[in-house]
Structures are given as C-alpha cells and as structure tokens.
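# Observations on chain architecture
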Amino acid sequence: MLKRTPLFEAHQKLGGKLIEFGGWEMPVQYTSIMDEHQAVRTAAGLFDISHMGEVVVSGPQAETFLNQTLTNDVRELAAGRGQYTLMCNERGGVIDDLYIFRLMRTEFLLIINASRINQDVEWMTQRVASGPYASDVKVTNASDRFGAVAVQGPRVKEFINGCIVGYSAGPTEVDQASDLQKNELGLFNFNRMVIYVARTGYTGEDGFEVFAPLQIVAIWNKLLEVGRPFGLKPCGLGARDTLRTEMCYPLYGQELDEHATPIEAGLGFFVALDKGDFVGRTVLAEQKEKGVSKKCVAFKMTDKSAPPRPHYGIWSTGADAKHIGGVVSGTQSPSLGIGIGMGYVPPQFAKPGTAIDIEIRGKRAPAVVVQKPIYRKPTRG
Amino acid sequence: MTNIPSDLKYAKSHEWVRVNGHTGVVGITDHAQHELTDVVFVELPAVGRQVKAGEACAVVESVKTASDIYSPVSGQIVEVNKAAVDNPALVNTEPYGGGWFYKIQLSNLAELNNLLSPESYKAQIGQ
C-alpha cells in the first residue's frame, strides 16, 4: 500500500496525475511538465514535498556526532543556518544526501530523502548506540509528523509574506519571511501554529521550503491563493526532476547510491576533509589525492535526437569507440529544448568539451560533456 | 472530454487507423497524447519496412518517458510524416490531423475486424 501525504486530496482536486515515488503516491504533473517547469523558471511553482523525511538530532554531543557522521562541517552552521551534506558508509558510498539545519546549539533538523528514511535512521541510531556518544545524542524520526511544501521561482519573494505572515523570533530573526537569506531557517506562526520556513530548494530558482506539523493543507491552499496572481502553478515530480537535472543537482538512486562516493559524484565541495575524522573519510581523502575511476559528468545532446534516459549506454567516439559508462539521469531540457543528462564515465572522458555518444535504442547519438550546471539563468542586462 | 472521431478504427494500445481502400493512415489518439503530454520526439519506421499488427514500430517521447507505438495493422510502410518529426508538438495539437505517424499498405483487410469501434474505444478508456 502506497503512502499518501496530507495533500493527497488537494492533488486529486487539482487534477494531478499520480504515480509511485519512493513508496509514496505523488503527483507527477497537473497540466504538463513543460508548463510547470516554465512556471518555476519564470514565475513560481508549488510542490508537495511531504514525502521527504525529517529527523531531529539533539543533545550535548549532537554536533560532534553529526560531524563524525556527515561529510560537510556542521561546526560552520550558526543557529538558523543550513547546508547540503552527505552521509557515507565506511567505503565512502553514499547512504543519503540531505540538508541539515542547526535549530539551536544542541539541536539539528535533517531533511532526508523519502526512500532513505529507514536506512538513515537505522544507521544513525546504530552509530549512537555503538559509539562514545551514549545518552548524549538523541535521534528522533519526525517524518510522520511533518508535511512540507516547496514554493520556488523568481516571483515567490513578492507573495511569500502574504502566506507566511509576520516575523521569525529565531533561530534566524527576521521581520518577514522574504528577509531570510539563502540557507537560513526561521520559525514563523501560521494560524497560531509554529512552522519552519527555510530559503532553500531543489530547482535552481529562489524560493522557500516550509515544514509544518499540522497546517500543511492550509499553507498549500493559502500559497495557491496569494501566488496565483503572480503566476504560481502547482507542480509535480516531473518538473521537479527536469528542474534539478538542468541544475545537475543529484537525485538519490540515480547519481547517488552506496556504490558511488561524493568525490565520484562531483560533490567534493561538500566533503570537509580537514575537519577531523568522519565515516568514509579514509576512502574520500584517497580519492581526492589519487583520483577516481569514474566521474559523474553532465552532457548535452549536440544534434536533434531522442532525449537520453537513465541506463542508456555512453560511448567514446572515433575509430576505437567503446562503451565507457551509463546515463543516470536524462531528459529533454524544457529550458534549452535539447536532450540533457548526467552519467558516469572514466575521468579521461570527464573534461567539458569531450565528445561522447549516447546509445539510444541501438543507435549512437552525438553528445558533448559540459560544465555543471547545464542550465544557467540568462543574466539580465 | 477526449475526442474520438467516428470514422476511425482503434487499437487497445491507443493508436488509430484511417482506412481508404488498401491504404491506412496511423496515428495516436487524443487520449494518448493527453496522457503523454508534451511530445518532444517522434521516431518513425523506415519507408518500405514490413510490419505486423501489434508490432512496435515507432517511438514517441514525452519529457518524462519513451513510449512504443504498436502498428494497429499489418503491411508495408509507404510514407512517414516528416512534419511530425520536425515538429513533434503536432502530435499534441492535431493527433488526428497534422500529427499522423505513417501511411501503410494494408496486407490483410480482415485484421480491421480485430480493432475497436469508436464506441468500444470510448468504453475502454472509461469515457
């Protein structure tokens, strides 16, 4: 039986087409992926992300525990700030990628992937039990208590205060939600209930993510009401996927799994090798020094072709062309009008500008390795 | 409400065929294009290819997925719609007109009896 978010009826009412994702019944689109994608790039889009997991890690040793469990350096986080980070196993393989916010000195909120909630919670709980932290760290899986929405796009800042009314008294103190800076989180009131609002997202656009224990349906409806005049549209997982692929943000299960490391995935920026020991550090430090055997690259199709898809083969070009890797994410880019994707190849093929072929139904179509992100916002002159 | 023209025959897999003598024109239904949304690529069979009824012979790709198109009838491909290849959105905007896929020389007219009437197709898609 698939799980349903508190917004399930709202999706049905809006005509959302529902699919299975990570054990959840979620809308893939309401009107079309193209329309919803463009709404987010040019105006605003509203996503149900209630399937995501929320874990609270607290206690006097919470910071130490997390810094030994995650790749990025949580000591850099002042209260109210968040960062992207990864959780690795001893082999450096990725258990999950996540966002972590410091709520207070000894309390952190982790936003984790829906499909990885059980693995993450079990991994952290076991590490607490077997490590030196004893009763000084508490891991609480709050996933079932939270609903969540993401409201994303260049016009969101114009209407967010119409839904999230008033100030945040902490951990980031601001007079209004639109005063939050990127990666900052505040506690706001909505219908006299406390909700978390963070200036984060997964689309490459400005925007906010709202995490709320009870009021998520009311927040969804209010956002639709105040955002519609600004072009806000409800958006499904289809647009979420094309938006994040254009930005080369990884998706667990595609770019990331327990057999790929953050270094191989091109996420070395989020691995703080200098912070002291943490799970996976030995392997990651060695890879950073000696190099990797595969690298996650971004590519664009160079000719008109069918869009690349996950599991398609990647080939080198020329007379001695051989199979060099596989596509992990691929789609038609709604912003660019061409096929784009990411895939793993040996490092000698990872340089931007390298010609590669993508095998589509037995035929090879030309593509080129490009710098990440694939899509860059046109600069306004 | 989806459009189901009364002069066509339909396959369960959402293709239509318009028969004129021994020649058929094949495309996908309004319901199918609506389900696919945003067609971004169309791959058509080679002219001259012999196909069997039920054989996958074309591919239509939306942003999200690639879907096989099954020939509703057997025969030889005699013409393909280059306009749909150049402008795949025609499949969405004119599924029964400018968005047709290919013309086929029917090898077995009796097969048409295996296809669905407009009423049966309508019932199948729950309209």
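### A few points about the overall build of chain B
Secondary structure assignment for chain B yields four helices and nine strands. Counted from the first residue to the last, chain B has its helices and strands arranged as β-β-β-α-β-β-β-β-β-α-α-β-α. For 127 residues, the compact-globule estimate of 2.2 N^0.38 gives 14 Å, and the C-alpha radius of gyration of chain B, at 13 Å, lies within 12% of that figure. Here the C-alpha coordinates of chain B stretch approximately 35 × 35 × 20 Å along the principal axes. Of all intrachain contacts in chain B linking residues separated by at least 6 positions in sequence, the fraction that spans at least 24 positions is 62%.

### With respect to the overall build of chain A
For chain A, the count of helices and strands is eight helices and 21 strands. Relative to a compact globule of 381 residues, whose C-alpha radius of gyration would be 21 Å, chain A shows 21 Å and is just as compact. Dimensions of chain A along its principal axes, counting C-alpha atoms only, are 70 × 55 × 50 Å. Here chain A holds 381 residues, and 50% of them are scored as buried. Taking contacts inside chain A between residues at least 6 apart in sequence as the whole, the part at least 24 apart equals 65%.

### Some words on the interface of chain A and chain B
Counting from both sides, the interface comprises 14 residues of chain A and, opposite them, 10 residues of chain B. For the side of chain A that touches chain B, the secondary structure elements donating two or more residues are β2 (24–29), α2 (33–42), α7 (237–247) and β18 (323–332) of chain A. By residue class, the composition of the side of chain A that touches chain B is six nonpolar, six polar and two charged.

### Focus on the sheet that holds strand β2 (residues 15–20) of chain B
Residue and element names in this part refer to chain B. In spatial order, the strands read β1-β2-β3-β9-β8-β5; together these six strands make up an open sheet with antiparallel pairing. With one partner strand each, in any of the chains shown, β1 (9–10) and β5 (50–51) form the two edges of the open sheet. Where strand β8 (residues 75–80) and strand β9 (residues 102–106) come together, five bridges link them in antiparallel fashion. Directly across from Gln 76, in β9, lies its bridge partner Gln 105.

### Let's talk about the confidence of the model for chain B
Summary statistics for chain B give a mean pLDDT of 96 and a share of 100% for residues scoring 70 or more. Of the two predicted TM-score estimates for the complex, the pTM is 0.94 and the ipTM is 0.87.

### Examining the environment of Gln 254 of chain A
Residues and elements named next belong to chain A. Tracing the sequence through the fold places Gln 254 in the loop between α7 and α8 (281–290). The partly exposed category is assigned to Gln 254, around which 19 C-beta atoms lie within 10 Å. Note: C-alpha distance between Gln 254 and Asn 191 (63 residues apart in sequence) is 39 Å. If we ignore the near neighbours within four places in the chain, the residues touching Gln 254 are Pro 310, Val 328 and Ser 329.

### Concerning the pairing of strand β6 (residues 56–62) of chain B
All names here are of chain B. The element β6 is extensively covered by neighbouring structure, given that five of its seven residues are classed as buried. Bridge count for strand β4 (residues 39–43) against β6 is four bridges, and the pairing is antiparallel. When the bridges of β6 are listed, Glu 43 appears paired with Val 59. Across five bridges, the pairing between β6 and strand β7 (residues 66–70) is antiparallel. The residue of β7 that forms the bridge with Ala 58 is Ile 69.

### Observations regarding unusual backbone geometry
Residues and elements named next belong to chain A. Cis rather than trans, the peptide bond between Gly 170 and Pro 171 has omega equal to -10 degrees. Relative to the helices and strands, Pro 171 is located in the loop between β10 (168–169) and β11 (173–174). Cis geometry marks the peptide bond from Lys 372 to Pro 373, where omega comes out at -5 degrees. Examined against the element boundaries, Pro 373 turns out to sit in the segment after β21 (363–370). The backbone of Cys 248 sits at a positive phi, close to 65 degrees, despite the residue not being glycine. Tracing the backbone through its elements, the reader meets Cys 248 in the loop between α7 and α8.

### Some words on the environment of Lys 233 of chain A
All names here are of chain A. Mapped onto the secondary structure, Lys 233 falls in strand β15 (residues 232–235). A residue is classified by how many C-beta atoms lie within 10 Å of it, and Lys 233, with 22 of them, is buried. Measuring from C-alpha to C-alpha, the distance between Lys 233 and Thr 42 comes to 11 Å, with 191 residues separating the pair along the chain. With residues up to four places along the chain from it excluded, the contact list for Lys 233 reads Asp 35, Glu 36, Ala 39 and Gly 45.

The rules behind each value
- Residues numbered from 1 in each chain as written.
- Chains lettered and ligands numbered in written order.
- Predicted model: local features only at pLDDT ≥ 70, side-chain atom pairs only at ≥ 80, totals over all residues.
- Helix = DSSP H or I, 4+ residues; strand = E, 2+ residues; numbered from the N terminus.
- Rg over C-alpha atoms; globule rule 2.2 N^0.38 Å.
- Contact = placed C-beta atoms within 7 Å.
- Buried ≥ 20, exposed ≤ 12 C-beta atoms within 10 Å, placed from the backbone.
- Nonpolar A, V, L, I, M, F, W, Y, C, P; charged D, E, K, R; others polar.
- Pairing = 2+ DSSP bridges.
- pLDDT = per-residue confidence, 0-100.

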